Amino acid sequence: MRLLAVLACLLCSLQALAGVLRGRVTDNGGEPLPYATVYIEGTTMGATANGDGFYELLLQNGSYNVVCQYVGYRSASHRVAMSANETYSYNFVLQAEALDMKEVVVRATDEDPAYRVIRQAIKKRQDHLDEVRTFQSSIYFKGVVRSRKMPAKFMGQNLRSEELAVDSVGRGVLYLTEEEADYYTDGKREKTLIHAVRESGDKNGVGFSSFPPVISFYENNVPIMGRTSRGFISPISDNALHYYKYKLMGDFTDHGKHIYKIRVARKRPFEPCFNGTIYISENDWAIHSLDMMLVKEAGLDMIDTLNLSQVYIPGSNDNWVIKSQVMYFTIKFMVFDVTATGVALYNNQKVNEPIADTIFAGRATSVYDKNATKKDSAIWEQRPIPLQPDEHRDFIVKDSISRIVQSPQWRDSVRRRENKIKPFQLALVGQTFYGKEYKHSWSVNSLLLGLGADNILNYNIVEGFNVAPHVTAIHKLDSSRTLVTEGAVRYGFSNRHFNGIGRVYYVSRDRTWLNRWWLAGVDGGRYVFQYNPVNPVIPVFNTWRALTFRQNDLKIYERWEASAYLRRNYGNGLQWMLKASWQHRLPMYNTTTYSFFEGSNDGFGPNTPYTPHVAVAPWAEHSASLIYAMISWKPGYTYTVYPDYKVANGSRWPQFTLAYRKGIPNLLNSKTDFDFWRFSVRDDLNLRLLGMLKYHFIVGGFLNDRWVSLPDLIHLQSTRGIGYAAPYMTSFQFAPYYFFSNAASTYGEAHVEYHLNGLLSNKIPLLRQARFYLLAGGNAWYSDPSHYYTEAFVGIDNIGWKLARFLRVDFVQSWDSYGGRNSGFRFGINMKAITVSKTNLTESEW
């Protein structure tokens, strides 16, 4: 610790002896050149101008040749001699490139001279990619999100709150962060060490754990939005000549090298390609700098336009190394107009120098210093990119506002506003009410239109109209321990049955590893359940169909239950669950045929499911003692280590899950006697430009089926009627709810989807303008040649407008072993959050 203190003092002393070179970078008309690069000639050390063209460069005592560079302008240099604590001002005025055009006799059939240069760059692409075996650099990053237009209110919510600090028309800085880090890569592994971070309005804000990567146009596919994106075709990719057209704008000399300026444009609209300018160095055919742009037509979903600018400077081994990278986004959605800028400045770059093995030790890809968010404000006075006036003001204003909004009085006033009953919210999704300091909360389910469990008001032909309020109380014992109490009651006005059930569970989360937790709980009471434990029939849809079309799909029974369960998630891709339960199951029968319209009762069949293809035990009142065990593993997790905790980033590996259920006979008068197992593998494969391939494969069966009751059978998950699609990748779109229920000793199940993500649809009029994407796939269940069900589908997803693109429509054709054929359209919501909320339901949820 003493050594660290001495080193810190020494560093501060050296900085105190340094001078500052500051000024502004403009063109010859006086217009600022935002994010121009300023660096010391012969080194990779330098700074970047801010959005107004102002720069500051910290220099130790000595004489330096300082170079200023900007894409599209001729570099300029200035000799300066610095003394300790001196501030020296110099304004760079850059001239637009004076481009030379060699006289060439061009015939109508000749191609532009740019193609010769591009062909040479394509030939050298892989060499330049391979020659960088390791790369390390210090990084200063600044990210800013600004609003150019924002309404005062939207859907009844006040948007111009004190926390945002925007002006009367909605202009202002919405988010601002700056960070200092070191970055390392050996081509296969990456590591970011974040030494300091400052986030406007949040003293504990951690900014970005991984900055926008150095985007390499030497890659055939350029993943602008990260490695999980589809990516875009590089203008010097192996197949670039099929997608781009080029025009030589001229050539010039920079740092003794001959540079070609080439305009790049995509040949056809709606291709995943850039427009812009690329500068290629002669002889080595390397990228000197570039300025590229993507628009909606190129396949951007979340944003309207993206500008990317990169500046390279000569490195130590006569190669070009990146000096700065600027990304600028624009997003317009309804009445909102937002821009975002991310500026990364690279210093002390090292190419192909050894990196210590300890850097890549462990599975962490980003690691924060323990005091990264607590650094003294003086460190930011040496930032290499000066703040713009609105950024400087934002830090001051939001830091002051933060102290106010974190005060108990302010938090309590917000809590009281949130606790006011909101009828629209209560009807759609339910509402949550909070206690003091948000230590306690109470939630109630939706009144009419919820898409998950029962609403408060429902209808089916067994209970008739029924009320089913469900209340959840969450009590935070401390920052890592929570006690949750749930209670549900239900009364049917036709069958006059009253049911009630409760659940209590305790959750303990690891304070230093946020994804790591364990849970223990108990259930008890009597309630109404669907025979299929994943609850495939959505109550709100069944209510509507029963009252308007006289179609009732909901098949339910009552049961008494006493359960105990334990669940553990290790935060590293491994989790398991154990559950033991005793159930007393009671049949229920239809008690009403009421609907809004008179008609036949054909749709109002018996409440007991029809299962013609399995010899099931007669459905009658009985008891069941059950145990359930599950273990799931997704290997290959990586992590981000924040100053106070660790978080899993995820993995590119598939998820493997093994589950086992057993019915124990004679225990507490139990009749059930079976053993069932199930193993699944699931993953999403990013095929980059070719799209996304999703698969979910399942095998399983009954090891013994001596006494299997209706709720214990293998049920195909489906959601029939009104065209609403069942949860994707786990369900069947046209399978009858219980027709294929079985107790097979061995079965297989497969769900496969291929999302083209713009491939092919960018050739189809209307689809490409709307940016709707094609998909295809199939679902299959197989036990033996006489018992199977299959369906294939083609569809369109990404349906919507601007940011709201979550709708999907499929045409589905099904076949089965009993000669059944079905076809039709299914409409769904392709949102992962909704899918997870449905498919994660267990048989004890209500």
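Throughout, a residue's number is its position along its own chain's written sequence, starting from 1. Given that this is a predicted model, residues contribute local features only at a pLDDT of at least 70 and side-chain atom pairs are listed and counted only at 80 or more, while totals for whole chains, interfaces and linings are drawn from all residues. The basis for every side-chain value is the complete set of non-hydrogen atoms in the structure, without hydrogens or water.

Draft legend 1. Seen up close, the packing of aromatic side chains. For Phe, Tyr and Trp, rings pair up if their centres lie within 6.5 Å, where Trp contributes its six-membered ring, and each pair is then called stacked (planes under 30 degrees apart), edge-to-face (over 60) or tilted (otherwise). For the structure shown, the criterion picks out 41 aromatic pairs. Ring geometry for Phe 676 against Phe 702: centres 5.0 Å apart, planes inclined by 55°, an arrangement best described as tilted. Of the two residues, Phe 676 sits in strand S38 (residues 673-686) while Phe 702 sits in strand S39 (residues 692-707), which places them 26 residues apart along the sequence. Type-normalised accessible area, obtained with a 1.4 Å probe on protein chains alone, sets the label of each residue: buried when under 20%, exposed when over 50%, and partly exposed for intermediate values. According to the relative accessible area criterion, Phe 676 is buried, its value standing at 7%. Think of it this way: any DSSP run of H or I at least four residues long counts as a helix, any run of E at least two long counts as a strand, and we number them from the N terminus.

Draft legend 2. Expanded view of the pairing of strand S22 (residues 336-351). Among the 16 residues of S22, 14 are classified as buried, and the element is accordingly described as predominantly covered. A pair of strands is treated as paired once DSSP finds two or more bridges between them. Where strand S9 (residues 135-149) lies against S22, 13 bridges are found, and the strand directions are antiparallel. Looking across to S22, one finds that Lys 142 is bridged to Val 343. Alignment of strand S21 (residues 320-333) against S22, held across 10 bridges, turns out to be antiparallel. Bridging across to S22, Phe 333 finds its partner in Phe 336. Connecting S21 to the next strand, S22, in antiparallel fashion are 2 residues, including Met 334 with a positive phi near 55°.

Draft legend 3. Local environment of the environment of Glu 561. Relative to the helices and strands, Glu 561 is located in strand S32 (residues 556-569). Put simply, Glu 561 and Leu 713 are 152 residues apart on the chain and 19 Å apart in space, counted from C-alpha to C-alpha. Among the polar contacts listed, one links the side chain of Glu 561 to the side chain of Ser 563, at a separation of 2.4 Å. Identification of polar contacts relies on pairs of N or O atoms within 3.5 Å, with a donor-acceptor requirement for protein atoms, meaning one able to donate a hydrogen and the other able to accept it, and with residues adjacent in sequence counted only if both atoms are side-chain atoms.

Draft legend 4. Here's a closer look at the confidence of the model for the protein. For every residue, the pLDDT score states the predictor's confidence, bounded by 0 at the bottom and 100 at the top. Per-residue pLDDT for the protein has a mean of 88; in total, 90% of the residues score no lower than 70. Long-range and interchain partners of residues 832-846, a stretch whose pLDDT sits below 50, account for 37 contacts in this model, where long-range means more than four residues apart. Here, two residues are considered to be in contact whenever any of their heavy atoms come within 4.5 Å of each other.

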